[in-house]
Each structure stands twice: as C-alpha cells, then as structure tokens.
Amino acid sequence: MLTKVKLLFDESIRDIKRLQKLVKQVNEMEYIFSQLTDEELQGKTREFKQRLHEGATLNDIKIEAFAVVREASKRILGLRHYDVQLMGGFVLYEGNIAEMQTGEGKTLVATLPSYLYALEGKGVHIITANEYLARRDYEQMGKLFQFLGLKTGLNISNMSPSEKKEAYKADITYGTGTEFGFDYLRDNMVYNIHDKVQRKLYYAIIDEIDSILIDEARTPLIIANKSSIATELFKVTSQIVKQFENGKDYELYPETKQLFLTDEGASKIEAAFGIDNLYDAEHQPLLHNIMQSLRAAVIMQRDVDYIVKDGKVFLVDQFTGRVMEGRTFSDGLHQAIEAKEGVEITEENDVQAMITIQNYFRMYEKLCGMTGSATPAKTEFWETYNLHVITVPTNKPRKRIDMEDLVYLTYEQKAKKIIAEIKKMNEMGRPVLIGTTSIAQSEKLSKLLRKEGIKHQVLNAKTEEDEARIIALAGQRGQVMLATNMAGRGTDILLGEGVAELGGLHIIGTERHESNRIDMQLRGRAGRQGDPGSSQFIISLEDELFKFYDQEELEKWKKKIKVDEEGLIIYPDASKFVRKVQETVEHAHYSARSHLLKLDSVIDQQSKIIYSMRDQILMCETSDILLEATKYIESHLLQTIDKYCLEDIIQEEWNIKGLCEELSFVFFHFDNNVQSFLQKEKEQIKEIVMSRYEKLKENLLTLKDEEQLCIQIRQLMLQSIDSLWIRHLHTLNNTKEGVHLRAYSQEDPYRLFEMEAFHEFVRLKHDIDSTITIHLVNYIKSMFDFEHVHEKRGDL
C-alpha cells in the first residue's frame, strides 16, 4: 500500500516538474509578445493556421499559442494568466483532468487549450455546469477569442435548429453537457440530413467535471413522447402499496435503493386484482406499475428528490437544490409520485432515444476537464473515461483551516450546536455559509434561525443567475447564508471589507454528503486565492448518510460510544467512522453507475448501428434511395429462406407453404410455387427467389426519377426504423429492470443481458428489413398499377 502511495506521489511530482518547464518557456516569450502591436498579435492566429496547414502539429505551436492567449487576455480582459493557470492549461491540452481549487480562475484556464485546438477548425466544446455559467463565460471570454479572430457560439435550450447549427459552426462553443447530449439524440431522429446541428465530436473541456461526468451520470439522457400507459391504474396501486410494510410485504436494500416484493406482498396484489400469478407474462405491465408505486412510496422523498408546487411534481437536483425545469422521472415513476401526492397524473412518456452521460462524452476524440475535487474519484475517471487526474498547486498558499467533524447523537443536539456557532460568528461580524444536503434541511434550520432572531438568507431552488448573484455576497460582513451544498457553484465569493481580519468566511457543513467530493467543494467556498477562512462539519448519527449504511454495523458501533453532556461523541474516533460510512456509500454509488454503464453500453453499441443505418438513408441522393431500399429487400428475402429452410431440420419437414405465403407479400402470386418448391434444395430455392428479386429491383429502379415518390420512401424507411427502435428500447429497458435477479442463479447477469440484447437486436434487424420491404412494396402497389404494368414480363 505504501509503495502505491509513494508511486502516486512521485508521479504527481514528475507531472508538476514537467509542467513547470513548459510554463517557463511561455514566460520566456512574454516580453517578446508584449512588444507586438494589436494587429501583429491578432495576425498570430492566421500564422498558426498556416503552419498547421503546412504540416506543423499543435505540439509544435503550443508554447507560442499559450503566450499569445496570455498577452491577448492582458489587453482585452485585464487578466494575466498566473503560472499555475498556464500549468492547468497544459494539463487540459494533454487530455487530462486539472484538479484546481475553488477561486483559482478555471474559466480563464480554459481559454488556453480551447484557443489552441480551435486553430484546427474542428470545433471545441466548453461544457459548464449550468446555462447561466455558459452564457456568462461565452460573453466574457468571447471578447478574447473575438480579438484573436475566432468565432464563439452559445448552445442552450429553447434555441431553434438554425441557431444551434450556427452555434456548432463556431470555433468554440459554450453550453451544458445535457444540451450537447440531447442535440446528439435529436440529430439521430431527423428526417433530413440538413436538419442535423452537430459536427463530429472532437475536443471538449468540461468545467466541474466531477459534477457532470459522475454526479449527473446516474441518470441517462432520454427523449420521450406520450405513451398509452394506464395512468389511472397508479391511483389504485398507490393506495395498495401505502399499506405495505418493510420486511413483510417488501424488502428494501438502502445501500443500493433496490426493492423486492415478498411472497406475502405479491399475494396481496394478486388478491386485490383477482389474478393467479402476478409474475405471468400477461401481468408484466401491472407488476411494473406496482414496483414504480412502491418505489415512489418508499424511496422517493418529498423536498429531497422532488417538490410539489402549484399541484405539480418537479424534480430537484440533489447536488444544487434547484428545480430541474422540464425534466421528469421516466418509466412511470413520475406518475407514481403524482398518485402518491394526490395531484393530477400526467401522461407517461415512451423512450424514443437515450444515451448515458458516460457514453456521450466518450465519443469525443479528446476529452479533458477541471474541478476542485477530482482526487476521490481518480479511479472512476481512469476506468470509465481513461482520464488522468493531475493536482495543480494553488497560486497562493492556502490559509483555510479545516477543522475536525463534530459528531452528535441526535439531530436536535447537532442543530443546537450549529445555531450556537452561527450566533457566535454573527456577533463577531464574521460571515457564515451553511451548507445543507436538501431543501427540507435548509428550511428546518431557517426556522430555528428565525426563532433566534438571526437575520439570514436561504438560497434554494433559485434561478442560476439569482444563485450566482446571492452566493457572491456570502463573504460580506455579518452575512449568514443557508444553501444546498452545490448552489451557486462556479461563482467566486469575495470577502467584504474587514472580513479577512476577522478570520474570513466560515463554512458549516450540516451533513456529510454521499460523496466526499461534494464536501470538498463546500469547504472550497472559503479560503480562495490565499484568503483566510475556516470550515467545519457539524453532523449527527440521524443524518441521511447513515441511513444508507448497514444498520447492524451502525448499532454495533453505537454501543461503544461515549458522549459529553451536549451529546457530542468523544469516543471512539467519530470522524474515522464517518469516513468509513461515506466511503461505503460512495462505493455503492460507484457500483450503481458501473452497473448502469455496463448495461447501457450494450444499448449504446446497438444505437450506433441503428444511427449509422439512418445516416446511410439520410445521406443518399434522392435518386439513389430506391437502390438503398433494395438492400433491405434482399436481406429480408435471404432471412425468410433461412427461417423456413432450416439447416438442422430434414428437407421433408420444411414449411414450404409458409415460405411461399410470406414471399407472396413481396412477389405477386408466389404461393403458386408450393408444389415445385417441395422438390428443391435450399440453394435452388434461393436461386429462384433471387432471380425474381433481380427483376423486382430492375423494375423498382425505373422509378428512381419520381422525386416525390423517392422522398416518401425515404420517410417510410426512417419511420420504420424509428418505430421498431422505440419498441426495442422498451424491451431492453424491461429486461434491464430484472437483470439483478440473475445474480441469484449463480450466472453473470451482464453476460446474460448481453446475450439477450444481442438476440433481441438480431430480431430487430430482421423486423426492420421485413417492415421496410412490405411497406415499400405495398406503397408502390398503392401508387401504381404495378401488377398490371409488369405482369406480362413475369417479374412480379
């Protein structure tokens, strides 16, 4: 173990030494570039592009390019990149993660590699945590890029396709990860190639990379439309599960939030609906409905996972405490929550397209990012994204004092201490930022502060712009602010006059988060750029975190503890135990993300095949679409022969009648061939069918100049693929739901899912070929008297 730690330490030192040499080279050029006129400095962009065109590489020009950006920034923004910011820039250029503390100027760091990669003209995407930050950075840093002759774009929600296309054409495009991901999905649903907005995914810089690639990666991006799910049924199932008891009617595993019905629970449902076996195939929709109602009742918590406002259910981002406008829980869960809360039940959505955050960002040719808290997720970044974390030193020595956790037995004891600490700091005039893990916790503490007459602000579920404006004031003298741990992320908190002399901003964490990374981010709000500051977590064993931990182990540890008169645990080392609990919960979440990724990677591979089929159809010239369609017909005919003329069945048992009847959907009067086919070998049958196919193909291609017909056929082909793909996604999502049960049969659930998904995909491919073929032939028949025209030639 010590050897591993030493290796990591040595590796970090090697990285820093190497980066310092690069920074030194940039510094040596600073005076030279400072002597250039604005026109000469701007001309460097044209010079770099020309050199790249003539065979130079980015590596050849990186030092000069960084020096140009630094000089341009001094002139346009009035900001000179610190040496550590140059260092961070090189980390990003090399395709790694720069761990840089809060307040170290990561927005400015991103200008360095984004300028360099933009010179290639392939498009650079800068991903921010929310749309407010995307717009802010686009407006601020856009001035710098504009001066250097580059075009910037902003990609946010509710933009028209033409506006998005312009944004993506820019050299550097700002936006949120979810919006880029949704654009990718929408691009693979278009019916005209010119309606696509994205270019090929080349280089992305992700700010707050742990938030986007890890925290948001628990939920896939889904585009859905209305489905026919029986929403009224949720009212009934919601009432039934409200009476259920844990351990009797269902089993709950808090670590993974998995639920299973017991035999007793299943029997109650069977009795309520008058059915024999809830697990019969015909009752699968009911079972799914029951499980979502149970999940809504047992796992989903009001004011933590969602809020109810104006008679509607809204998702809450657990990491920011903000309402997630326009987002709903999928697969019936949203409807189940609405039934639980007694509000109007909305229509459910059918999944049309989906992708995980992980799989979307792994499509970029080069990926990198920045955050103040990457180290705890070092292993996951490497295993999932092949990204190496490099810790960049701070510009000034850190003065913040991080105190040991105070751990109390109960919430009341903890709350009493928190209020006392706030009061003490407030009387000194020292600003306090109190971080909570949910809206509900913020409201509870706010009530206690009001009772004590302590003036304060609550920052919950505000707009991103309001958050940034309010959080920026948290460092002012006498300020007391309550906020969910991640609210206002990306905004600097500057100390007010005289605050530094009082000790700076004091952070109080009211609960340990499910991830130590979030705790690090909260601490990092104080002590920016060498400012003084302090932080302390004041928590209790009744906090949410401990509910996810093994309750037997928790009770065993509780028996050993000793407390003082205020309920503070003084023995054994409570901080050590808290770290152990947090690590256990973090590992459970990592496993859940890994589980999701393993399953969704199978779907992702299949989606890429389907999307390439769509692209092939979209890119076809109108006059070539019939030729493309004949490939599906040929494939369908060969599959049909294989289906009826099975290799492992003797010839006498082949279903020739079925074969000829199915081929009659393509060729007129083919069922007349039954008697003659009875005596034929498979290859002979294939020869006859392919001969008829060639004649059909020849006749179809005579229609290639019928432009409107070809446009309609393109639409028909795309619609066939899309409708079958949606049905396939529904099948795979249902299969995914039960995959964890396979582990009980001593079989690898992932291998079994892969096999089932593969068989389903083979079936999907057959269905696509068949559907396109039948629809095409029927459409042609309806448009033309095809049989009459070609009957005498015997080709149909």
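Look up a bit, the structure's there.
The residue count restarts for each chain, going from 1 along the sequence in the order it is written. Reporting of local features is limited, given that this is a predicted model, to residues whose pLDDT is at least 70; pairs of side-chain atoms are given and counted only at 80 or more, and all residues count toward the totals for whole chains, interfaces and linings. With hydrogens and water excluded, all non-hydrogen atoms of the structure serve as input to the side-chain values.

Colleague: Which parts of the structure should I look at to understand the overall build of the protein chain?
Modeller: Looking only at helices and strands, one finds 31 helices and 22 strands in the protein chain. Along the three orthogonal principal directions, the C-alpha set of the protein chain runs to about 100 × 80 × 55 Å. For the protein chain, with 796 residues in total, the buried portion stands at 54%. It only takes one pair of heavy atoms within 4.5 Å for two residues to be counted as in contact. Contacts in the protein chain between residues at least 24 apart in sequence constitute 74% of all its contacts with a sequence separation of at least 6. Surface accessibility in these figures is a Shrake-Rupley result with a 1.4 Å probe; residues are shielded only by whichever protein chains are displayed. Carbon and sulfur atoms provide 50% of the accessible area of the protein chain, an area that totals close to 36700 Å². The protein chain carries 103 positive and 127 negative side-chain charges, and their two centres are separated by 6 Å. Secondary structure counts use DSSP, requiring at least four H or I residues in a row for a helix and at least two E residues in a row for a strand, with both numbered from the N terminus. Remark: exposure states derive from per-residue accessible area (1.4 Å probe, protein chains only) relative to the maximum for the residue type, with buried under 20%, exposed over 50%, and partly exposed in between. Residues scored as charged are limited to Lys and Arg (positive) and Asp and Glu (negative), so that His and the chain ends carry no count. Think of each charge as sitting on NZ of Lys, CZ of Arg, CG of Asp or CD of Glu.

Colleague: Would you mind showing me how to read the pattern of salt bridges here?
Modeller: Opposite charge on two side chains makes pairing possible when the charged atoms of those side chains draw close. When a carboxyl oxygen of Asp or Glu is within 4 Å of a side-chain nitrogen of Lys or Arg, the pair counts as a salt bridge. Summed over all chains, the structure comprises 49 salt bridges. One salt bridge in this structure joins Glu 94 and Arg 18, with 2.6 Å as the shortest N-O distance. Pair noted here: Glu 94 is in the loop between helix 4 (83-93) and strand 1 (97-99) and Arg 18 is in helix 1 (residues 2-34), with a separation of 76 residues, a long-range link. Take Arg 18: its relative accessible area is 32%, and that puts it in the partly exposed class. Three or more residues are tied together by salt bridges with common partners; here these are Glu 30, Asp 38, Arg 70, Glu 71, Lys 74, Arg 75, Arg 80 and Asp 83.

Colleague: Quick question: what am I supposed to make of the side chain of Asp 600 here?
Modeller: Summarising the element assignment, Asp 600 is placed in helix 24 (residues 574-619). In this structure Asp 600 touches Pro 220, Met 354, Thr 356, Asn 359 and Lys 736, once residues within four positions along its chain are discounted.

Colleague: Could you clarify how one ought to interpret the state of the cysteines in this entry?
Modeller: By disulfide we mean two sulfur atoms from cysteines, separated by a distance within 2.5 Å. Considering all chains together, one arrives at zero disulfides under this definition. Of all cysteine sulfurs in the structure, the one in Cys 710 sits closest to Cys 620, which takes part in no disulfide; the separation is 10 Å. Take Cys 620: its relative accessible area is 13%, and that puts it in the buried class. No disulfide involves Cys 645; its sulfur sits 9.0 Å from the nearest other cysteine sulfur, which is in Cys 660.

Colleague: Can you help me understand the sheet that holds strand 5 (residues 203-207) in this one?
Modeller: Backbone hydrogen bonds hold the strands of a sheet together, and the pairing may be parallel or antiparallel. The strand order across the open sheet built from seven strands is 3-4-2-5-12-1-13, with neighbouring strands paired in parallel fashion. Each edge of the open sheet is held by one strand with a lone partner, namely strand 3 (152-155) and strand 13 (389-391). Within this sheet the neighbouring strands show an average axis-to-axis angle of 20 degrees, counted without direction. Set on the sheet, helix 7 (residues 131-147) makes contact with strand 2 (124-128), strand 3 and strand 4 (172-176); between it and strand 4 the angle comes to about 165 degrees. Lines fitted to C-alpha atoms define the axes here, with helix axes fitted over just the stretch in contact, and angles between the N-to-C directions of these axes take values from 0 to 180 degrees. Where helix 9 (residues 177-187) meets the sheet, it contacts strand 2, strand 3 and strand 4, and its direction lies at approximately 100 degrees from that of strand 4. One requirement defines pairing of two strands: DSSP has to find at least two bridges between them.

Colleague: Please clarify how the pairing of strand 5 should be interpreted in this entry.
Modeller: It is a general feature of regular strands that their side chains alternate between the two faces of the sheet. Counting buried positions along strand 5 gives five out of five residues, so the element sits mostly inside the fold. Examined bridge by bridge, strand 5 and strand 12 (residues 366-371) share five bridges and lie parallel to one another. Opposite Ala 204, over in strand 12, you have Leu 367 as the bridge partner.

Colleague: How should I be thinking about the environment of Ile 127 in this particular structure?
Modeller: Within the fold, Ile 127 resides in strand 2. A C-alpha to C-alpha distance of 8.5 Å links Ile 127 and Thr 173, two positions 46 residues apart in sequence. In contact with Ile 127, other than residues within four places in its own chain, are Gly 175, Thr 176, Gly 177, Phe 180, Ile 205, Ile 206, Asp 207, Ile 212 and Phe 361.

Colleague: It is not clear to me how the packing of helix 25 (residues 625-644) against helix 26 (residues 656-663) should be interpreted in this structure. Could you clarify?
Modeller: Between two packed helices, both the angle of their axes relative to each other and the distance between the axes serve to describe the pair. As a packed pair, helix 25 and helix 26 sit with axes 9 Å apart at the nearest point and diverge in direction by 165 degrees. Regarding the angle of helix 25 to helix 26, the classification is roughly antiparallel. Crossing of helix 25 against helix 26: the hand is right-handed. Facing helix 25, whose interface residues are His 636, Leu 637, Thr 640, Ile 641, Lys 643 and Tyr 644, helix 26 presents Gly 658, Leu 659, Glu 662 and Leu 663. Gly counts as polar in this scheme, as do all residues outside two lists: the nonpolar Ala, Val, Leu, Ile, Met, Phe, Trp, Tyr, Cys and Pro, and the charged Asp, Glu, Lys and Arg. Class assignment of the residues belonging to the contact of helix 25 with helix 26 gives a composition of five nonpolar, three polar and two charged. Geometric relationships in this document are graded by angle, where less than 35 degrees denotes roughly parallel, more than 145 denotes roughly antiparallel, 65 to 115 denotes roughly perpendicular, and other angles denote oblique. Crossings are assigned a handedness: left-handed for a near helix turned anticlockwise from the far helix by less than a right angle, right-handed for a clockwise turn.

Interpretation note: all reported values are geometric properties and have no functional meaning in isolation.
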